[in-house]
Amino acid sequence: DTAVSQTPKYLVTQMGNDKSIKCEQNLGHDTMYWYKQDSKKFLKIMFSYNNKELIINETVPNRFSPKSPDKAHLNLHINSLELGDSAVYFCASRHRGTNEKLFFGSGTQLSVL
Amino acid sequence: GENVEQHPSTLSVQEGDSAVIKCTYSDSASNYFPWYKQELGKRPQLIIDIRSNVGEKKDQRIAVTLNKTAKHFSLHITETQPEDSAVYFCAAIFMNRDDKIIFGKGTRLHILP
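Residues numbered from 1 in each chain as written. Chains lettered and ligands numbered in written order. Predicted model: local features only at pLDDT ≥ 70, side-chain atom pairs only at ≥ 80, totals over all residues. Heavy atoms only, no water.

Examining the overall build of chain B
Which entries qualify depends on this criterion: Numbering goes from the N terminus for both helices and strands, where a helix is a DSSP run of H or I of at least four residues and a strand is a run of E of at least two. Only protein chains enter the accessibility calculation, which uses a 1.4 Å probe; a residue whose area is less than 20% of its type maximum is buried, one above 50% is exposed, and one in between is partly exposed. Two residues form a contact once any of their heavy atoms are found within 4.5 Å. All accessible areas in this document rest on Shrake-Rupley with a 1.4 Å probe, and a residue is counted as covered only by the protein chains that are shown. Working convention for charge: Lys and Arg count positive, Asp and Glu count negative, and His plus the chain ends are omitted. To locate a charge, take atom NZ for lysine, CZ for arginine, CG for aspartate or CD for glutamate.
Helices and strands together make up the secondary structure of chain B, namely zero helices and 11 strands. Start at the N end of chain B and walk to the C end: the helices and strands fall as β-β-β-β-β-β-β-β-β-β-β. Out of the 113 residues in chain B, the part that is buried amounts to 44%. Considering only contacts in chain B between residues 6 or more positions apart, those separated by 24 or more positions represent 54%. A total of about 5600 Å² of accessible surface is found on chain B, and carbon and sulfur atoms cover 46% of it. For chain B, the distance from the average position of its 14 positive side-chain charges to the average position of its 14 negative side-chain charges is 4 Å.

Next comes the structure, spelled out in structure tokens:
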């Protein structure tokens, strides 16, 4: 019964390809996030959705497009992958209304060759 | 802008000694400060958090202190054990930025035998 699950766990692909990462949470949270963790372990926020609405959009290239079909899902699609996109991508969720704790998914290690 | 500074970036302590990690934040409206522990290859996991209406919170060997005036908060780990070796992240929630949760850059804690 994983609370925040993301797939795939590993993704190896060539430069220029398009790929997607999926995230689902079964905690009933209203807000979901994508964070990028680079090789130096910095955790940088990319996007946040609250009740399917985009509320945070950091200076991320528009090759990255998040999509939230419902409150329980937040997917990340990346077009024209570049070497610098290699990182671990973490999905996370919380209940914003009650200022609840942030829970992370297990991460997707993306390697662009 | 929103910022969370974390020090030190690396910390080595002898097993059994105490470890202290310090963070400062920029938004005086921040009211929630979690700490996460990330073991190698795993997701960040919440270990303790504190809200702005308290100055200190303790959970067994872990404690967090908050100084709202100075915008400082610290993590204290006593009687350190080998399993405490990990990367620790502090974070603050930025109320004026759509509840954005910003992380410090992490502290790599090594427990020496």
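Comments concerning the nonpolar core
Threshold: Note on terminology: a nonpolar core comprises buried Ala, Val, Leu, Ile, Met, Phe, Trp, Tyr and Cys residues joined through side-chain atoms within 4.5 Å.
Within the largest apolar cluster, 43 residues are counted, with the highest numbers of intra-cluster contacts made by A:Tyr35, A:Leu102, A:Phe104, B:Trp35 and B:Phe103. The leading source of residues in this core is strand 9 (residues 86-94) of chain B, at nine residues. Setting aside chain neighbours within four positions, we find A:Tyr35 in contact with A:Leu43, A:Lys44, A:Ile45, A:Met46, A:Val88, A:Tyr89, A:Phe90, A:Leu102, A:Phe104, B:Ile101 and B:Phe103.

A short note on the packing of aromatic side chains
Applied cut-off: Aromatic contacts are taken between Phe, Tyr and Trp rings whose centres are within 6.5 Å, Trp giving its six-membered ring; a plane angle under 30 degrees counts as stacked, one over 60 as edge-to-face, and the others as tilted. The criterion for a charge sitting over a ring is simple: Lys NZ or Arg CZ within 6 Å of the ring centre, and within 35 degrees of the ring normal.
Per the stated rule, a full pass over the model turns up 13 aromatic pairs over all chains. Here the aromatic rings of B:Phe33 and B:Phe73 are separated by 4.9 Å at their centres, their planes lie at 50°, and the arrangement is tilted. Taken together, the residues span a long stretch of sequence, with B:Phe33 in strand 4 (residues 32-38) and B:Phe73 in strand 8 (residues 72-77) at a distance of 40 residues. B:Phe73 carries the same exposure label as B:Phe33, and that label is buried. Through a chain of ring-to-ring contacts, the aromatic side chains of A:Tyr33, A:Tyr35, A:Phe90, A:Phe104, B:Tyr36, B:Phe89 and B:Phe103 assemble into a single cluster. We note B:Lys105 situated over the ring of A:Phe42; from NZ or CZ to the ring centre the distance is 5.0 Å.

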